[in-house]
Amino acid sequence: GGGVFGRIWVPLPVGFVHLSQYLRGYEQWLMDIVLNPAFLDALMDRALEWWLALAGAVLDEVGPYVDVVAFGDDVAFHDRPMVDLARYRRLFKPRHARMVGCIKERSGARVLYHCCGAVRGLVADLIDMGVDALNPVQVSSAGMDTAALKAEFGERICFWGAIDTQ
């Protein structure tokens, strides 16, 4: 049990992808991936450091009472991931792994990662990072067949509700 108040679910702010998109503007952010990668790396690192400081402070206070910690960073479109797998693994995965590590180091919570779109090709990487649950399963997106996802990954990750968001 979690004491007087029971167990809780903590939704954290969006991650470094969204934060850097908000700061840069979505179109410019997409262009920066190719045209200005050093700047984008620095911007995402600063956004990540802010997020880690905030999440760390929150979890240092409530970590023992938390069952699930959620955060979101959409890295996919309706028909494919936002970037190819090599770029995903260079740009996003190490930073998301730091976020997951921060959560797991400061709590016994499961990590719920929110990402809309066609994330089928990224599920193994999410599992590798320590993500426990993926939300949503946007079945109208490419490759997001529930039976196939369950068959391949169902023993290693939870597919959490919101079966379609369109």
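Read on for a plain summary of the structure. (Residues numbered from 1 in each chain as written. Predicted model: local features only at pLDDT ≥ 70, side-chain atom pairs only at ≥ 80, totals over all residues. Heavy atoms only, no water.)

Concerning the pattern of salt bridges
Quick reminder of the rule: In what follows, salt bridge is the name for a side-chain nitrogen of Lys or Arg lying within 4 Å of a carboxyl oxygen of Asp or Glu. By definition, any uninterrupted DSSP run of H or I lasting at least four residues is a helix, any uninterrupted run of E lasting at least two residues is a strand, and each is numbered from the N terminus. For each residue, the accessible area found with a 1.4 Å probe, counting protein chains only, is set against the maximum for its type, and the residue is called buried under 20%, exposed over 50%, and partly exposed in between.
Enumeration over the complete set of coordinates arrives at 14 salt bridges. Taking the shortest distance from any N to any O, the salt bridge between Asp125 and Arg89 comes out at 2.9 Å. Taken together, the residues Asp125 in helix α5 (residues 123-129) and Arg89 in helix α4 (residues 85-106) connect sequence positions 36 residues apart. When its relative accessible area of 2% is taken as the criterion, Asp125 is described as buried. Arg89 gets classed as partly exposed once you look at its relative accessible area, which sits at 42%. Between Asp125 and Lys93 there is a salt bridge, with its nearest N and O atoms 2.8 Å apart. Linking Asp125 in helix α5 with Lys93 in helix α4, this pair joins segments that are 32 residues apart in sequence. By relative accessible area, which is 15% here, Lys93 ends up buried.

Brief notes about the side chain of Ser141
The condition that has to hold: Whether two residues are in contact is decided by their heavy atoms: any pair within 4.5 Å suffices.
Within the fold, Ser141 resides in the loop between β4 (133-135) and α6 (146-153). Judged by its relative accessible area of 4%, Ser141 is buried. Among residues more than four places away in sequence, those in contact with Ser141 are His78, Gly117 and Ala118.

Side note on the sheet that holds strand β2 (residues 66-72)
Heads up, the rule is: In short, DSSP must find at least two bridges between two strands for them to pair.
One open sheet holds the 5 strands; their spatial order is β1-β2-β3-β4-β5, and the pairing between them is parallel. The two strands at the open ends of the sheet, each matched to only one other strand, are β1 (8-11) and β5 (158-159).

Considering the packing of aromatic side chains
Each aromatic ring pair is specified by the distance between its two centres and by the angle formed by the two planes. Applicable threshold: In this analysis, rings of Phe, Tyr and Trp, with Trp reduced to its six-membered ring, are considered paired at centre separations within 6.5 Å, and the interplanar angle assigns stacked below 30 degrees, edge-to-face beyond 60, and tilted for intermediate values.
Within the structure shown, the criterion is met by 6 aromatic pairs. Ring geometry for Tyr26 and Trp29: centres 6.4 Å apart, planes at 15°, overall stacked. Linking Tyr26 with Trp29, this pair stays in helix α2 (residues 26-35), spanning 3 residues, or about one helical turn. Judged by relative accessible area, which is 38%, Tyr26 ranks as partly exposed. With a centroid separation of 6.1 Å and an interplanar angle of 5°, the aromatic rings of Trp29 and Phe92 are classed as stacked. Separated by 63 residues along the polypeptide, Trp29 in helix α2 and Phe92 in helix α4 bring together distant segments of the chain. Phe92 shares its class with Trp29; the two are buried. Three or more aromatic residues joined by ring pairs make a cluster, and in this case those are Phe16, Tyr26, Trp29, Tyr88 and Phe92.

Structural notes on the environment of Leu43
Relative to the helices and strands, Leu43 is located in helix α3 (residues 37-62). Residues Leu43 and Leu149, 106 residues apart in the sequence, show an inter-C-alpha distance of 33 Å.

Considerations on the packing of helix α1 (residues 16-24) against α2
The cut-off we apply is this: Axis lines are fitted through C-alpha atoms, for helices just across the contact stretch, and the angle between N-to-C directions can take any value from 0 to 180 degrees. Convention used here: angles under 35 degrees read as roughly parallel, angles over 145 as roughly antiparallel, angles from 65 to 115 as roughly perpendicular, and any remaining angle as oblique. Two helices crossing with the near one rotated counterclockwise from the far one by less than a right angle form a left-handed crossing, whereas a clockwise rotation gives a right-handed crossing. Ten residues, namely Ala, Val, Leu, Ile, Met, Phe, Trp, Tyr, Cys and Pro, are considered nonpolar, four, namely Asp, Glu, Lys and Arg, are considered charged, and the remaining ones, Gly among them, are considered polar.
In contact at an axis separation of 7 Å, α1 and α2 are set at 115° when each is read in the N-to-C sense. When the interaxial angle is binned, α1 and α2 end up roughly perpendicular. Crossing hand, α1 versus α2: right-handed. Across from Val17, Ser20, Gln21 and Arg24 in α1, the residues of α2 making contact are Tyr26, Gln28, Trp29 and Asp32. Considering only residue class, the contact of α1 with α2 consists of 3 nonpolar, 3 polar and 2 charged.

Considerations on a nonpolar patch on the surface
Rule in force here: Patches here are clusters of residues that have more than 30% relative accessible area and form no salt bridge, with a 9 Å joining cutoff for like charges and a 5 Å cutoff for nonpolar side chains (Val, Leu, Ile, Met, Phe, Trp, Tyr). Residue burial considers only the protein chains on display, and all accessible areas are found by Shrake-Rupley using a 1.4 Å probe.
On the surface, a cluster of nonpolar side chains totalling about 300 Å² of accessible area is made up of Met31, Val34 and Leu35. Mapped onto the fold, Leu35 is located in helix α2. Its relative accessible area of 67% is what places Leu35 among the exposed residues.

All quantities given are derived from atomic positions and should not be read as evidence of function.
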